Number of protein chains: 4
Amino acid sequence: VSERVAVALIGAGMMGAYHAESLARRLPAARLAAVADPSEEAGRGLVARLDAGSVRYERDYQAVLADPEIRAVVIASPGASHPEVTAAAAQAGKHVFCEKPLGYSLEEADRALTAVATSGVLLQMGFQRRFDSGFLRTHALVADGTLGSVQLLRSITRDPELQRPESPLPWAIFRETLIHDFDVLRWLADSEAVEVFAMADTLIAPEYRERGLLDTAVVCVRFANGALATADASFRAVYGYDVRAEVFGSAGMATVGEGRLDSAWHYGPAGVSRPHAHWFLDLFGAAYTAELAHFVDCVATGRPAVVTGQDGRASLAMALAAVESVQTGRPARVANTPSP
Amino acid sequence: VSERVAVALIGAGMMGAYHAESLARRLPAARLAAVADPSEEAGRGLVARLDAGSVRYERDYQAVLADPEIRAVVIASPGASHPEVTAAAAQAGKHVFCEKPLGYSLEEADRALTAVATSGVLLQMGFQRRFDSGFLRTHALVADGTLGSVQLLRSITRDPELQRPESPLPWAIFRETLIHDFDVLRWLADSEAVEVFAMADTLIAPEYRERGLLDTAVVCVRFANGALATADASFRAVYGYDVRAEVFGSAGMATVGEGRLDSAWHYGPAGVSRPHAHWFLDLFGAAYTAELAHFVDCVATGRPAVVTGQDGRASLAMALAAVESVQTGRPARVANTPSP
Amino acid sequence: VSERVAVALIGAGMMGAYHAESLARRLPAARLAAVADPSEEAGRGLVARLDAGSVRYERDYQAVLADPEIRAVVIASPGASHPEVTAAAAQAGKHVFCEKPLGYSLEEADRALTAVATSGVLLQMGFQRRFDSGFLRTHALVADGTLGSVQLLRSITRDPELQRPESPLPWAIFRETLIHDFDVLRWLADSEAVEVFAMADTLIAPEYRERGLLDTAVVCVRFANGALATADASFRAVYGYDVRAEVFGSAGMATVGEGRLDSAWHYGPAGVSRPHAHWFLDLFGAAYTAELAHFVDCVATGRPAVVTGQDGRASLAMALAAVESVQTGRPARVANTPSP
Amino acid sequence: VSERVAVALIGAGMMGAYHAESLARRLPAARLAAVADPSEEAGRGLVARLDAGSVRYERDYQAVLADPEIRAVVIASPGASHPEVTAAAAQAGKHVFCEKPLGYSLEEADRALTAVATSGVLLQMGFQRRFDSGFLRTHALVADGTLGSVQLLRSITRDPELQRPESPLPWAIFRETLIHDFDVLRWLADSEAVEVFAMADTLIAPEYRERGLLDTAVVCVRFANGALATADASFRAVYGYDVRAEVFGSAGMATVGEGRLDSAWHYGPAGVSRPHAHWFLDLFGAAYTAELAHFVDCVATGRPAVVTGQDGRASLAMALAAVESVQTGRPARVANTPSP
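Counting of residues starts from 1 at the beginning of each chain's written sequence and follows it residue by residue. Following the order in which they are written, the chains are lettered starting with A and the ligands numbered starting with 1. Residue-level local features of this predicted model are given only where pLDDT is at least 70; pairs of side-chain atoms are given and counted only at 80 or more, and the full residue set underlies all totals for whole chains, interfaces and linings. Hydrogens and water are ignored here; the side-chain numbers use all heavy atoms of the structure.

S.K.: So what exactly am I meant to see when it comes to the interface of chain C and chain A here?
M.R.: Size of an interface: often given as the accessible area lost when the parts come together. Contacts between residues were defined by any pair of non-hydrogen atoms, one from each residue, lying within 4.5 Å. Counting residues at the interface gives 43 residues for chain C and 43 residues for chain A. Summed over both partners, the interface of chain C with chain A buries about 3300 Å², with 65% contributed by carbon and sulfur atoms. Definition used for salt bridges: Asp or Glu carboxyl oxygen within 4 Å of a side-chain nitrogen of Lys or Arg. Ionic pairing is found between arginine 244 of chain A and glutamate 246 of chain C, a salt bridge with its closest N-O pair at 3.0 Å. We call two N or O atoms a polar contact when they sit within 3.5 Å, provided that within protein one can donate a hydrogen and the other can accept it, with sequence-adjacent residues counted only if both atoms are side-chain atoms. The interface formed by chain C and chain A holds seven residue pairs in polar contact (both at pLDDT 80 or more) in total. Where the side of chain C that touches chain A is concerned, the elements lending two or more residues are β7 (150-158), β8 (193-201), β9 (216-223), β10 (228-234), β11 (242-249) and β12 (252-256) of chain C. Accessible area that two parts lose when put together, evaluated with a 1.4 Å probe and summed over both, is termed the buried area. Helical segments are the DSSP runs of H or I of at least four residues, strand segments are the runs of E of at least two, and each set is numbered from the N terminus.

S.K.: Could you clarify how one ought to interpret the interface of chain B and chain D in this entry?
M.R.: Across the contact, 43 residues belong to chain B and 43 residues belong to chain D. With both sides pooled, the region where chain B packs onto chain D buries about 3300 Å², and carbon together with sulfur makes up 65% of that total. Three residues stand out in chain B for area buried against chain D, namely Leu152, Met199 and Phe248 of chain B, and they jointly supply 17% of the buried area on that side. Between arginine 158 of chain D and glutamate 246 of chain B there is a salt bridge; the shortest N-O distance is 2.8 Å.

S.K.: Would you mind going over the side chain of arginine 154 of chain D with me for this structure?
M.R.: Mapped onto the secondary structure, arginine 154 of chain D falls in strand β7 (residues 150-158). Exposure remark for arginine 154 of chain D: the relative accessible area of 5% places this residue in the buried category. Separated by 3.2 Å, the side chains of arginine 154 of chain D and glutamate 246 of chain B make a polar contact. Not counting residues up to four positions away in its chain, the partners in contact with arginine 154 of chain D are Arg154 and Glu246 of chain B together with Leu185, Thr230, Asp232, Arg244, Ala245 and Glu246 of chain D. Each residue is placed in one exposure class: buried if its accessible area under a 1.4 Å probe, protein chains only, is under 20% of its type's maximum, exposed if it is over 50%, and partly exposed if it falls in between.

S.K.: Just to check I follow, could you spell out the relation of the copies chain C and chain A for this structure?
M.R.: Copy one and copy two of the chain differ by a rotation about a common axis and a shift along it. Once turned by 180° and shifted 0.0 Å along the axis, chain C lies on chain A with an RMSD of 0.0 Å. When the rotation and shift are considered jointly, the pair of chain copies conforms to a two-fold rotation axis. When C-alpha distances to the rotation axis are compared across chain C, the minimum falls at arginine 330 of chain C, with a value of 2.8 Å. Superposition of the copies was done by least squares, using only C-alpha atoms of residues whose pLDDT is at least 70 in both.

S.K.: Before we go on, may I ask you to explain the packing of aromatic side chains in this structure?
M.R.: Aromatic ring pairs are reported here in terms of the distance separating the ring centres and the angle at which the planes meet. Stacked, tilted and edge-to-face are the three classes applied to pairs of Phe, Tyr and Trp rings, where Trp contributes its six-membered ring and a pair requires centres within 6.5 Å; stacked means planes under 30 degrees apart, edge-to-face means over 60, and tilted covers the rest. Inspection of the entire model under this criterion finds 40 aromatic pairs over all chains. Note on tyrosine 267 of chain A and tyrosine 239 of chain B: the rings are 5.3 Å apart at their centroids and 70° apart in plane angle, and the pair reads as edge-to-face. One end of the pair, tyrosine 267 of chain A, is in strand β13 (residues 265-268); the other, tyrosine 239 of chain B, is in the loop between β10 (228-234) and β11 (242-249), on a second chain. The exposure classification of tyrosine 267 of chain A matches that of tyrosine 239 of chain B, with both residues buried. What links up through ring pairs into an aromatic cluster is the set Tyr18, Trp279, Phe280 and Tyr288 of chain A. Look at NZ for Lys and CZ for Arg. If either is within 6 Å of the ring centre and within 35 degrees of the ring normal, a charge sits over the ring. Arginine 175 of chain C extends its terminal NZ or CZ atom over the ring of tyrosine 104 of chain C, reaching a point 4.5 Å from the ring centre.

S.K.: What exactly am I supposed to notice about a positive patch on the surface here?
M.R.: Patch construction takes residues with relative accessible area above 30% that form no salt bridge. Like charges are linked within 9 Å, and nonpolar side chains (Val, Leu, Ile, Met, Phe, Trp, Tyr) are linked within 5 Å. In short, Shrake-Rupley with a 1.4 Å probe defines the accessible areas, and a residue's cover is counted only from the protein chains shown. The charged-residue count follows a simple rule in which Lys and Arg add positive charge and Asp and Glu add negative charge, with His and chain termini not counted at all. To locate a charge, take NZ of a lysine, CZ of an arginine, CG of an aspartate or CD of a glutamate. A cluster of like positive charges, contributed by Arg4 and Arg25 of chain A together with Arg4 and Arg25 of chain D, occupies part of the molecular surface. By relative accessible area, arginine 4 of chain D is classed as partly exposed at 42%.

S.K.: What's the story with the pairing of strand β2 (residues 30-36) of chain B in this structure? I'm lost.
M.R.: Regular strands have side chains that alternate between both faces of the sheet. Residue and element names in this part refer to chain B. Among the seven residues in β2, six count as buried, and that is most of the element. Whether two strands pair comes down to DSSP finding at least two bridges between them. Bridge count for strand β1 (residues 5-10) against β2 is six bridges, and the pairing is parallel. Across the sheet, alanine 8 pairs through a bridge with alanine 34, a residue of β2. The handedness of a crossover follows from its direction of travel: if, with the strands pointing away from the viewer, the path from the first strand over the helix to the second runs clockwise, the crossover is right-handed. After leaving β1, the chain enters helix α1 (residues 14-26) and then returns to the sheet as β2, a path that is right-handed.

S.K.: Any chance you could explain the state of the cysteines here in plain terms?
M.R.: Disulfide: a covalent bond connecting the sulfur atoms of a pair of cysteines. Working definition: a disulfide is two cysteine sulfur atoms within 2.5 Å of each other. One pass over the structure, following the stated rule, counts zero disulfides over all chains. Unpaired in terms of disulfides, cysteine 220 of chain B finds its nearest cysteine sulfur in cysteine 220 of chain D, a separation of 3.1 Å. We note that cysteine 98 of chain C lacks a disulfide partner, and the nearest cysteine sulfur, in cysteine 298 of chain C, lies 16 Å from it. With a relative accessible area of 0%, cysteine 98 of chain C lands in the buried category.

S.K.: Looking at this model, I keep getting lost on the sheet that holds strand β4 (residues 72-75) of chain A. Mind explaining?
M.R.: Where strands meet in a sheet, backbone hydrogen bonds hold them as pairs that are either parallel or antiparallel. Residue and element names in this part refer to chain A. Taken in spatial order, the six strands make up an open sheet running β3-β2-β1-β4-β5-β6, and their pairing is parallel. Across the chains shown, the open sheet's two edge strands, defined by having one partner strand only, are β3 (56-58) and β6 (123-126). The sheet shows a mean angle of 25° between the axes of neighbouring strands, direction not considered. The pairing of strand β2 (residues 30-36) with β3 spans three bridges and is classified as parallel. Pairing of valine 35 across the sheet is with tyrosine 57, part of β3. Of the strands in this sheet, β1 (5-10), β2, β4 and β5 (95-99) touch helix α1 (residues 14-26), which is tilted by about 145° from β2. To get an axis, fit a line to the C-alpha atoms, keeping to the stretch in contact for a helix; angles then go from 0 to 180 degrees between the N-to-C directions. This element, helix α2 (residues 40-49), spans β1, β2 and β3 of the sheet and lies at about 170° to β3.

S.K.: Looking at this structure, I do not really get the pattern of salt bridges. What am I missing?
M.R.: Should their charged atoms come close, side chains of opposite charge can pair. Residue and element names in this part refer to chain D. Here the structure, examined in full by the defined rule, presents 112 salt bridges over all chains. Measuring nitrogen to oxygen at the nearest pair gives 2.9 Å for the salt bridge that ties glutamate 58 to arginine 56. Taking the relative accessible area as the measure of exposure, arginine 56 reaches 30% and is therefore partly exposed. Where arginine 313 meets aspartate 110, a salt bridge forms, and the shortest distance between an N and an O atom there is 2.6 Å.

S.K.: What is the right way to look at unusual backbone geometry in this model?
M.R.: The phi torsion of most residues other than glycine is negative, and most of the peptide bonds are trans. All names here are of chain B. With an omega dihedral of -5°, the bond running from lysine 100 to proline 101 counts as a cis peptide bond. Note on placement: proline 101 falls in the loop between β5 (95-99) and α5 (106-119). Positioned with a positive phi, tryptophan 171 is a non-glycine residue whose angle comes to about 60°. As for its position among the elements, tryptophan 171 is in the loop between β7 (150-158) and α7 (172-189).

Remember that the coordinates give geometry; whether it matters functionally is a separate question.
Now the structure itself:
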């Protein structure tokens, strides 16, 4: 019996809780060793729900980084903390799985990447769409040449319900939401973005305009290989959680994303219908588990992860170019300074 | 300019009215010359609605059969009259397009076929599904060998609303409705039925049980080439008019029939939906026009029709075997006495 | 019997031929009176194919405009001639159905609109998607409020095969192709575009770059009511002719366009498949007939057309803004000078 | 931390291996305590693959029944052994999860049920379709009255590849395969079958006819509440593993089963396509896990299972009626002697 990889979770929110369950129950090769969260209620509550007596709770993530038994961390704390926690974990010699985004500025992202490079640990970014079976098959159609050279792409994300925080994160629609689409577009285009144009507005909650919570956006992207892309996002789709992509090449097209929950259809007097997914885990639960399984496998075997810190940086650069485009009203170049 | 084929309509009901419009407007190679119907209101009303001054109306269909200018008739009168009218038209030397069924008994059907054979006119049966683009493509997958040898089939018909006539036609579910499915199954199996088993009941309108109006049925069929089939029918599908078929062979399967009206989908809080067809012309309007175009072309060119009186007889034989099966509670052999 | 509206066709190309057939055969309220085309082969050939001895052929469209019996014209000549022919027809007192675009510049479009306004004739633009059953149902979901306030839209057009003319029309992808999408977006947004950003390239046929034949494009649009849209186009989709739209509002979404030919599916060892439409008439034949039926009805009754010269102008203004955006590399304002 | 339920697996074949993995890894409330299989290679191999040192292997299932620590068994041995093993396990006081069928004759099934009733243990039958999300939603539409009173049903099973055993099990198509459909039909009809008619043949492998391996079948069923059903089965569908059901009632219809693997579509020159499932675990992996989770929960809590030995008996009675029908060429009554 090989030894399970001891992993600590940092950040016991909704996403962190799912990752914790995967580490504790779904992944035989992993062991959830610790949970860190400044909120004792969240952290201890998660440990209790997992019915996992051997998992320790720490208020301060530094305490888990100091534990020599822990080989890796899953960072699911708020986005603003990602660069700092990633760097600290790397400096402590822990392998890092970091939820997107890598950070909110390239400077802080690069500091984290430098720490990772210096310490030689693994860094995998949490772009779970890359582990969804439909997205994987779509990518395979690009990678094996079936679609020919990629010419047009599309990726969209529409959340089912607008969060209305007291202090909304500015530019969240680009830095937290469309960053998924930017990663998908790069991956499917197999190229780096060079130019981004974006339009964004507060069409759902105009009262948030002053606080910078744009809720609706469209984007055009030009890639280095010539491919052109569009993306859009909304923070409130009444019909559910809608994530789709499309890739069009010289030899064909692939589409992915239907929000299906199962294969049943209802035929009634009002027509033919099926429910649409509303809960992100209904769409991506298996993908979240798969990405973590990949991470644990990489830690155990020393193999490189297929989604790296560079992917985190490149998608962040696209998001920041989108922000700049909205600010200036013009297209923006994507920063391509080589990262650490 | 070649001369248009002069055609008379016999029977100005709903189906007849559509055929009349096709002859008057949709088919450049045809000319609607006369309409016969015992109901002056129905017959004259149809002529008036067509805004076609040159179309004559006759109460008695014999009057149109006596008109030497008329080359062909479309019979859309009640099913019980089909054998008599077909025979009379044939004896008058008119080519015949006859709505299904060919009759309600093999004896009377055979008398009609004898008259047709004797006079040498064309007889095309009105099985319009054979002219529907989806059914045609399904059949082509059988005919070109794509599906291999046929092993299993299914055909269903579900009407949107039960008619509640004063004097219901006994066994209508087999002799008027499933006869379409029997023809489709024969066509897709490329074989003749040898054995039929049926169960039928009054699940929608039990008050009609005494008057013989069975409203729900399932059927099993064995074909001479070994293929096995099921069929079902209902006289009231609240979601609409539902006609589907499926053919399964050693090398693949084809399905046809979705009740689609157009390509639009609605995504709302209750899910993803589209309307289902309710009106038979929404599903088969183009097929009804195409079968009549084929008939007119056959009359004009002398080519044989692709749906013949023998098809009418064979499907009737299956319907009568289904009736016998319900009466005896056992499977019934399909009568295969060679017809005229 | 009411009198049929006498209509002349100007321009006997592929699109004109279909309209001629509709006038001659499909529309009982219309009569094809004349065909004008500088190519005698095209014009006389079309008349001959229609087997319509009473249709006269003219080389010069002015000859048909001089015919007092002709009440209306269908203009399907090359796009560059549309303003001139429209103006001439209006001055001759003929009602005008003009294929898109209204012209290639706002100046010439406005001259045509002035002539139309002065003469008081009807002008209907040939945006047939507005008459497609799926697009109509999508629009109805906007118009009846089912979708709430429109926030995001998408429209795409992908042609099955790149035409490779000797002298390609510059900016055809915007002025000839995406102009359809611009009209659809305006119609579904129920608002006027204020800003357009476009990226375009020669990804299919780089050898045409010097001659200005851009073959691939993406677009972002901002509407006066705040709605944001994307569009894309390609001149070669190997899988067929792909026209789709999507409209997303505060209360739901609708999508339209699947390239379905019929309802049949094939299940084989390679998976589940169906053909995709390749021929524009397979997708829009019924819509082309319906728009012309509407035109003929408007001429006969004096009712206004639902697609007007102003729609032609507004979509052209969007196309020209897209051209300007590509030229400057920046978003462009949509010219909104009030037209005649 | 509550104690995990100790479960032994009896029968380490393909199905048993999946259940063993669920017990060892997927179900936190269960613990795989032992594996019994007469083949040491199969049994020890499975234990080794699970990397589960604490799982003991026994050649003889009686050895695991003698272990007081084991609270429950999962029986996945060959069908012929099910009654004997079920009875022995019950007599040993073990709760029983038994793969379908309960047996091959009602006599032996009833002996097993008597043992279960006498000992008071739980018996859950392995009809996993009842735990599939699509089938569950379909059933919910019946159970909550959305579909009204059930009138027509259909269930089909088509395996991707014919097994060609040396000594084929006679009537396997009814007793091993369609027994799933019989259970689904009973469940969706919410009624017991009273009459069954079946036709069956060797259309795939005629060389097996003498050995009784019928490979293709169609069935009609009448239920006590009047509902009528069809079913079909084939042992070789080249396009994959095809399991579908349809339930039609006075107020609507539901369909389930599409063989989808994910949400991606490919658009190529040959049309629009997606793969079809070929592997039974791709369709029902989650359902197999869910049924076992239910079993473990019932054992732990003492709650009754939702799929019982009576369900196993009733579906077997339908299968035996189908066998009788094929043998006699007539419909057969379903034995409804009250079971223990």
